[in-house]
Amino acid sequence: WGQDAVYFGWVWYSMNSYKLPEGNVQISFSGGRTSGYMLYKILESNNGLPDRAKVIFTNTGREMDLTLDFIQECSDKWWNVKIIWLEYDVDEGKIGFREVNHNSASRNGEPFEKLIASKQVLPNVLMRYCTVELKIRTAKRYLRKNKWKNWFNLVGLRYDEQSRLNKKEKKDLFVNRYPMAEAKDTIEDVDNFWSKQNFKLNLPVVRGRTMYGNCDGCFLKSEDQLAMLAKEFPQRFDWWLQQEKNHTHRGDYGYFNHDRKLLGLKNIVDTQQDWVFDQQGYFCQADGGDCTGWR
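All figures in this text were calculated on a predicted structure; none of them were measured in a lab.

Peer 1: Just checking my understanding: could you explain the overall build of the chain for this structure?
Peer 2: For the chain, the count of helices and strands is ten helices and ten strands. Of all 295 residues assigned to the chain, the portion counted as buried reaches 51%. Pairs at least 24 apart in sequence give 65% of the contacts found in the chain among residues at least 6 apart. With the model as given, the accessible surface of the chain reaches about 15,300 Å², and the carbon-plus-sulfur share is 46%.

Following this line, the structure appears as structure tokens:
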């Protein structure tokens, strides 16, 4: 794996955390502010990218249009870096991928729906197959088709995300590496960086969280985030709700989170007046547990 670093736990200690290691390198770009920061620092530290490094964005079809626009700006307008857009696909029963771009990328959850149809059960907190299939394995299929046998995968986890960094990883064709954590970069560094740029991800940031980032209605998001999606973008929320309606016959496996059924949340949001939402617009009472009745 090269001679420029020494490995201790999840940390690779090197002279420059953003300097590319030897060999093939995948740079995982989610389209968020943190992974955007990581990509910039990598480009800066390496004077661009060699052919052996590929920046990959995996589109689930549930990203906001503003996220897709941001990725396009990073790629073509400001940083002049090639970003490979991939989507999970199923062709004649065979699981694979398709390469897309800003214009042809799915915007109505099509890759996600294909995956759910293949699994015939919804992903949930204990069975997060969506991340594995839509993102990790989709990128892996692409790189293996390009004859890569092993590689580093650079992931944008910050130093202040210790709970995510300390998870045990399975042996695979690639080794994950976390340059932001190695450099001890935190959310404050990310905020400071984007405050000085000529462009940004135009999604609202509230209490340090990017609202609607990545999958808009992901079941791992907090109650207040999902409530605001239902309020501000009801059509986007309804996609997730429809998936649950399609799988109610599966009992608890017919919900993304059987403790937080989306129809109940939608009914609560639809009957609340605006005073329930705080002056920033983000359902302040939800985090205090005031919406437990919607389960």
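After that view of the structure, there is still more to cover.
Peer 1: Would you explain the side chain of serine 106 in this entry?
Peer 2: Here serine 106 shows up in the loop between β6 (94–100) and α3 (110–119). One polar contact links serine 106 to arginine 98, side chain to side chain, over a distance of 3.4 Å. When sequence neighbours within four positions are dropped, the list of residues in contact with serine 106 reads Asn59, Gly61, Glu87, Arg98 and Pro111.

Peer 1: What should I look at first to understand the packing of helix α8 (residues 223–232) against helix α10 (residues 262–271) in this one?
Peer 2: A pair of packed helices is captured by two measures, namely the crossing angle of their axes and the spacing between those axes. In contact at an axis separation of 10 Å, α8 and α10 are set at 60° when each is read in the N-to-C sense. When the axes of α8 and α10 are compared, the pair comes out oblique. The handedness of the crossing between α8 and α10 is right-handed. Taking contact as the criterion, the partners of Leu226, Ala227, Ala230 and Lys231 in α8 are, on α10, Leu262, Leu265 and Val269.

Peer 1: So what exactly am I meant to see when it comes to the packing of aromatic side chains here?
Peer 2: For any pair of aromatic rings, geometry is given as the distance between the ring centres together with the angle between the planes. If you walk through the whole model with that rule in mind, you get 21 aromatic pairs. Arranged with centres 4.9 Å apart and planes meeting at 50°, the rings of tyrosine 40 and phenylalanine 193 form a pair that is tilted. With tyrosine 40 in helix α1 (residues 33–46) and phenylalanine 193 in helix α7 (residues 187–195), the pair connects residues that are 153 residues apart, well separated along the chain. On the basis of relative accessible area, tyrosine 40 is assigned to the partly exposed category, the value being 27%. Both rings, one in phenylalanine 112 and one in tryptophan 239, keep their centres 5.5 Å apart while their planes meet at 50°; by these two values the pair is tilted.

Peer 1: Would you take a moment to explain the pattern of salt bridges for this structure?
Peer 2: Once their charged atoms are close, side chains differing in charge can pair, the charge on each being opposite to the other. Under the defined criterion, the tally for this structure stands at 16 salt bridges. With its nearest N and O atoms 3.7 Å apart, the salt bridge here joins glutamate 44 to lysine 41. One end of the pair, glutamate 44, and the other, lysine 41, are both in helix α1, three residues apart, so they sit about a helical turn from each other. Note that glutamate 133 is salt-bridged to arginine 137, the shortest N-O span being 2.6 Å. One end of the pair, glutamate 133, and the other, arginine 137, are both in helix α4 (residues 129–145), four residues apart, so they sit about a helical turn from each other.

Peer 1: What's the story with the sheet that holds strand β7 (residues 151–154) in this structure? I'm lost.
Peer 2: Within a beta sheet, neighbouring strands are joined by backbone hydrogen bonds and run either parallel or antiparallel to one another. Spatially, β6-β5-β4-β3-β7-β8 is the arrangement adopted by the six strands of the open sheet, whose pairing is mixed. Each edge of the open sheet is held by one strand with a lone partner, namely β6 and β8 (174–177). In this sheet, neighbouring strand axes are inclined to one another by 35° on average, regardless of whether the strands run parallel or antiparallel. Pairing of strand β4 (residues 53–58) with strand β5 (residues 83–91), which is carried by four bridges, proceeds in the parallel orientation. The residue of β5 that forms the bridge with valine 55 is isoleucine 83. Each of β5 and β6 touches α3; the most contacted strand, β5, lies at about 35° to it.

Peer 1: Please clarify how empty space enclosed by the protein should be interpreted in this entry.
Peer 2: If you walk through the whole model with that rule in mind, you get one cavity of 30 Å³ or more. Taken as a whole, the largest cavity spans an internal volume of roughly 60 Å³. If you trace the largest cavity, you find it lined by Gly217, Phe219, Leu226, Glu244, Phe256, Asn257, Arg260 and Leu262.

The rules behind each value
Residues numbered from 1 in each chain as written. Predicted model: local features only at pLDDT ≥ 70, side-chain atom pairs only at ≥ 80, totals over all residues. Heavy atoms only, no water. Helix = DSSP H or I, 4+ residues; strand = E, 2+ residues; numbered from the N terminus. Buried < 20%, exposed > 50% of the residue type's maximum accessible area, 1.4 Å probe, protein only. Contact = heavy atoms within 4.5 Å. Areas by Shrake-Rupley, 256 points an atom, 1.4 Å probe, with all protein chains shown as cover. Polar contact = N/O pair within 3.5 Å; in protein donor to acceptor, adjacent residues only side chain to side chain. Axes fitted to C-alpha atoms, helices over the stretch in contact; angles between N-to-C directions. Parallel < 35°, antiparallel > 145°, perpendicular 65-115°, else oblique. Left-handed = near helix turned anticlockwise from the far one by under 90°. Phe/Tyr/Trp six-rings, centres within 6.5 Å; stacked < 30°, edge-to-face > 60°. Salt bridge = Lys/Arg side-chain N within 4 Å of Asp/Glu carboxyl O. Pairing = 2+ DSSP bridges. 1 Å grid on protein atoms, 1.4 Å probe; cavity = no way out; pocket = protein on both sides within 12 Å on 5 of 7 lines; lining within 4 Å. Points joined across faces, edges and corners; volume = space filled by probe spheres on them.

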